[in-house]
Protein chains: 2
Amino acid sequence: MSKVYNFSAGPACMPEWVLKTAADEMLDARGSGMSVMEMSHRSKAFESILQETKDTIRRLASIPEDYEILFLQGGGNLQFSMVPMNFNKNGADIINTGQWTKKAIAEAKKLGRVHLAGDSSDKTFTYIPKITQEDLDPDTDYVYICENNTIYGTKYKNLPPHEGKRLIADLSSCIFTEPLDVTQYDMIFAGAQKNLGPAGVTLVIIKKDLLDEQRDDIPSAMLDYKTYVDHDSMYNTPPTYGIYMVGLVCKWLEEQIGGLENMEKINQEKAGLLYDYLDNSKMFSNPVAVEDRSLVNIPFVTGDPELDKEFIAKAKEAGFENLKGHRTVGGMRASIYNAMPVEGVKALVDFMKAFEEEHA
Amino acid sequence: MSKVYNFSAGPACMPEWVLKTAADEMLDARGSGMSVMEMSHRSKAFESILQETKDTIRRLASIPEDYEILFLQGGGNLQFSMVPMNFNKNGADIINTGQWTKKAIAEAKKLGRVHLAGDSSDKTFTYIPKITQEDLDPDTDYVYICENNTIYGTKYKNLPPHEGKRLIADLSSCIFTEPLDVTQYDMIFAGAQKNLGPAGVTLVIIKKDLLDEQRDDIPSAMLDYKTYVDHDSMYNTPPTYGIYMVGLVCKWLEEQIGGLENMEKINQEKAGLLYDYLDNSKMFSNPVAVEDRSLVNIPFVTGDPELDKEFIAKAKEAGFENLKGHRTVGGMRASIYNAMPVEGVKALVDFMKAFEEEHA
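Note that the structure is a prediction, hence the values are computed from the model and not measured.

Draft legend 1. View of the sheet that holds strand β5 (residues 142-146) of chain B. Residues and elements named next belong to chain B. Reading across the sheet, the 7 strands line up as β2-β10-β9-β8-β5-β3-β4 and stay open at both edges, with mixed pairing between neighbours. Pairing within the sheet leaves two strands with one partner each, and these edge strands are β2 (67-72) and β4 (114-119). Direction aside, the axes of adjacent strands within the sheet are offset by 20° on average. As judged from the 5 bridges shared by strand β9 (residues 187-191) and strand β10 (residues 202-207), these two strands associate in the antiparallel manner. Pairing of Gly191 across the sheet is with Thr202, part of β10. Seen against the sheet, helix α3 (residues 75-87) touches β2, β5, β8 (166-170), β9 and β10 and runs at an angle of roughly 155° to β9.

In structure tokens:
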């Protein structure tokens, strides 16, 4: 197979350097004589991989020591339940910005009171609701958001007010796509499979003092964040290989990209190329409110579902994979996460231009 | 690093063919132009990997169609909670055979009534309690066992009676080490990291009609087995790379080993070599009741903790990794799962003989 550009929303493309390193080390990692997959999680060799991964993450985002870095399993979906299981004592303010908050709301409702503090379902989630402190329920424990909405291509540019409340955010699709100031949050989580590594690892960054406010009816040690803190994410066997891969991706970010500021510049260049073309195209358009546009998930449509279909099919033939939009919204979507090279976006824009000319 | 033999209890050694295949396919799997890690879980390419993995597992153990094959996350530890969350309506009969059932009991007690149907803690879990139907509580929904006890080196040779009740078993350390008749169970689960693949995937095989007996207060879609059945393990993003690796390991079992009967013969040869030596050694001994000995986890001691320490250190120098016993029991333990070659066990026995002679 010749080179493909993979615009999948996740699992998504990974840096070639990371995959090459993983292939090289598959049978003998760091002179251990074994694969990382074969290492006991209690071995010094794996413990140093875990520690290095945490250290790199801490350096990348200058995460202060009063925040814990944890590795869990179960993806964002399990976090939709774990967050209220641990912290919804009196209620949760949730802002509904699409599929992932809808699921978070449904799970939170099983476990406590939910107050809808904002909702952009009236316009198919094409914007981020701008809420004020007055939109919050006075009794809730936290405000919950999905910061970047993969399906609709929206992103918070300013975090919502949350005076007197904790702020908990799902950063699955935007983590480390730009500099991250974790001190603005009390907890963030991110499934790895978009910007951090393979599916099966969930990164949680949590302010230590949030753990003083846990519910006392958490049904399982495995669903209690404190278990992960107390055992350095090794209460049970963690997803060792996934953690190793996250470590490689973060090392790539730090050493090859030069950190999150540089990553943001590259992502801005990529997004700029595609948005500029979309805003000038007579065929394609992006439906999202300009001020709320995502840096990494860019949906677009022609307005004609048949033409969309033809575009997706021809793009696939030309090596542009996974451009089909989410089944709930249709159209197309280009996910241009960290690992998508600038050339991939340039090639896509060229292909779109040629397609537009051909159909003019 | 020169060749090492890795006797880790899990994550454990993997077949070299599997690792080589994974390395070869890391950047371009099956002509897709991408790594399995990069494939959308909704893509045809990944769906065919999932289906093949399930098909191979079904063939390997002749699993009938009234059993579902599911892939979850969270390891055995999350199953300790999910089993009672889903099925403990009136109580659970649990047989305590060590660390992993102790944890299962502790988690089950948070969620319902537990009756201890048997317990071998009186002799440091060196035997399997032989219970009768009369030892069971008449009102419980299921009997729960850990079939092979990794730490203590015990294994059920006969399943316990469970008339009128479901049988649910943790097979994490013995699955596919010998032929498996799933029709003897209502549900089995196994963390992948011993015999199936990398940590981070849990295989669940569940009888469909058990799902008719679920509790109605399951707190999360992610903790409900029916979610996995209804969505073919893809309600959310599954651990795609782990599932692919499980598929490779099962393919190796089927094509290179020739199935579970052959695997059992090889495992018997390996275990026989080590047990024969231990039973004839004047220095080393195995503390487990002969009829309850594990095929794959073999603990042994010299009787002198200092000598144990010296043995472990010298063995490590000679390339025998992870022979230290679990911290709760001390001594040594050789985990000789499917992927450990016969030569590895022969080399270990030779090393032990030499060590014994040297210290005679």
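Draft legend 2. Structural context of the packing of aromatic side chains. All names here are of chain A. Enumeration according to the criterion identifies 31 aromatic pairs over all chains in this entry. Seen from their ring centres, Tyr241 and Tyr244 are 5.2 Å apart, and the 45° between their planes marks the pair as tilted. Here Tyr241 and its partner Tyr244 are both found in helix α6 (residues 240-257), 3 residues apart, which amounts to about one turn of the helix. Taking the relative accessible area as the measure of exposure, Tyr241 reaches 5% and is therefore buried.

Draft legend 3. Geometry of the interface of chain A and chain B. The interface of chain A with chain B comprises 60 residues on the first partner and 60 residues on the second. Of the roughly 4500 Å² buried where chain A meets chain B, counting both sides, 62% is carbon and sulfur surface. Sorting the residues of chain A by area buried against chain B places A:Pro11, A:Met37 and A:Glu38 first, and these three jointly supply 13% of that buried surface. Inspection of the region where chain A meets chain B yields 0 salt bridges. The interface formed by chain A and chain B holds 14 residue pairs in polar contact (both at pLDDT 80 or more) in total.

Draft legend 4. Summary view of the pairing of β2(B). Residues and elements named next belong to chain B. Extensive coverage of β2 is indicated by the burial of 6 of its 6 residues. Alternating positions in β2 separate into two faces, Tyr67, Ile69 and Phe71 on one and Glu68, Leu70 and Leu72 on the other, with burial throughout. With 6 bridges joining them, β2 and β10 adopt antiparallel strand pairing. The residue of β10 that forms the bridge with Glu68 is Ile206.

Draft legend 5. Molecular detail of the domain arrangement of chain A. All names here are of chain A. Assigned domains of chain A: these are domain 1 (16-257) and domain 2 (259-358). Between the C-alpha centres of domain 1 and domain 2 the distance comes to 27 Å. Every contact between the two is made by 28 residues of domain 1 and, on the other side, 27 residues of domain 2. Taken over both partners, the interface formed by domain 1 and domain 2 buries close to 2300 Å², and the fraction arising from carbon and sulfur atoms is 56%. The largest contributions to the domain 1 side of the interface with domain 2 come from Ile151, Thr177 and Ile257, which together make up 23% of the buried area. The salt bridge involving Lys130 is made with Asp292; its shortest N-O contact spans 2.9 Å. With 4 residues, α6 is the largest single contributor of residues to the side of domain 1 that touches domain 2.

Draft legend 6. Structural view of α6(A). All names here are of chain A. Here α6 spans 25 Å end to end across 18 residues, near enough to the 26 Å set by a 1.5 Å rise per residue. Summarising burial for α6: 14 of the 18 residues are buried, a large majority. Once α6 ends, the next one or two residues include Gly258, with phi positive near 95°.

Draft legend 7. Just the relation of the copies chain A and chain B, in detail. In screw terms, the move from chain A to chain B is a rotation of 180° and a rise of 0.0 Å along the axis, fitting with an RMSD of 0.0 Å. These values place the two chain copies in the arrangement generated by a two-fold rotation axis. Relative to the rotation axis, the closest C-alpha in chain A is found at A:Ala23, a distance of 2.3 Å.

Draft legend 8. Spatial organisation of the packing of α3(B) against helix α4 (residues 99-109) of chain B. Residue and element names in this part refer to chain B. Interaxial distance between α3 and α4 falls to 8 Å at its minimum, and their mutual angle equals 40°. Judged by the angle between their axes, α3 and α4 are oblique. Viewed along their axes, α3 and α4 form a crossing whose handedness is right-handed. Touching Asn77, Phe80, Ser81 and Pro84 of α3 are Trp100, Lys103, Ala104, Glu107 and Ala108, all from α4. Taken together, the residues of the contact of α3 with α4 break down into 5 nonpolar, 2 polar and 2 charged.

Analysis parameters
- Residues numbered from 1 in each chain as written.
- Chains lettered and ligands numbered in written order.
- Predicted model: local features only at pLDDT ≥ 70, side-chain atom pairs only at ≥ 80, totals over all residues.
- Heavy atoms only, no water.
- Pairing = 2+ DSSP bridges.
- Helix = DSSP H or I, 4+ residues; strand = E, 2+ residues; numbered from the N terminus.
- Axes fitted to C-alpha atoms, helices over the stretch in contact; angles between N-to-C directions.
- Contact = heavy atoms within 4.5 Å.
- Phe/Tyr/Trp six-rings, centres within 6.5 Å; stacked < 30°, edge-to-face > 60°.
- Buried < 20%, exposed > 50% of the residue type's maximum accessible area, 1.4 Å probe, protein only.
- Buried area = accessible area lost by both parts, 1.4 Å probe.
- Salt bridge = Lys/Arg side-chain N within 4 Å of Asp/Glu carboxyl O.
- Polar contact = N/O pair within 3.5 Å; in protein donor to acceptor, adjacent residues only side chain to side chain.
- Domains from an automatic or database assignment.
- Expected span 1.5 Å × (residues − 1).
- Least-squares fit on C-alpha atoms with pLDDT ≥ 70 in both.
- Parallel < 35°, antiparallel > 145°, perpendicular 65-115°, else oblique.
- Left-handed = near helix turned anticlockwise from the far one by under 90°.
- Nonpolar A, V, L, I, M, F, W, Y, C, P; charged D, E, K, R; others polar.

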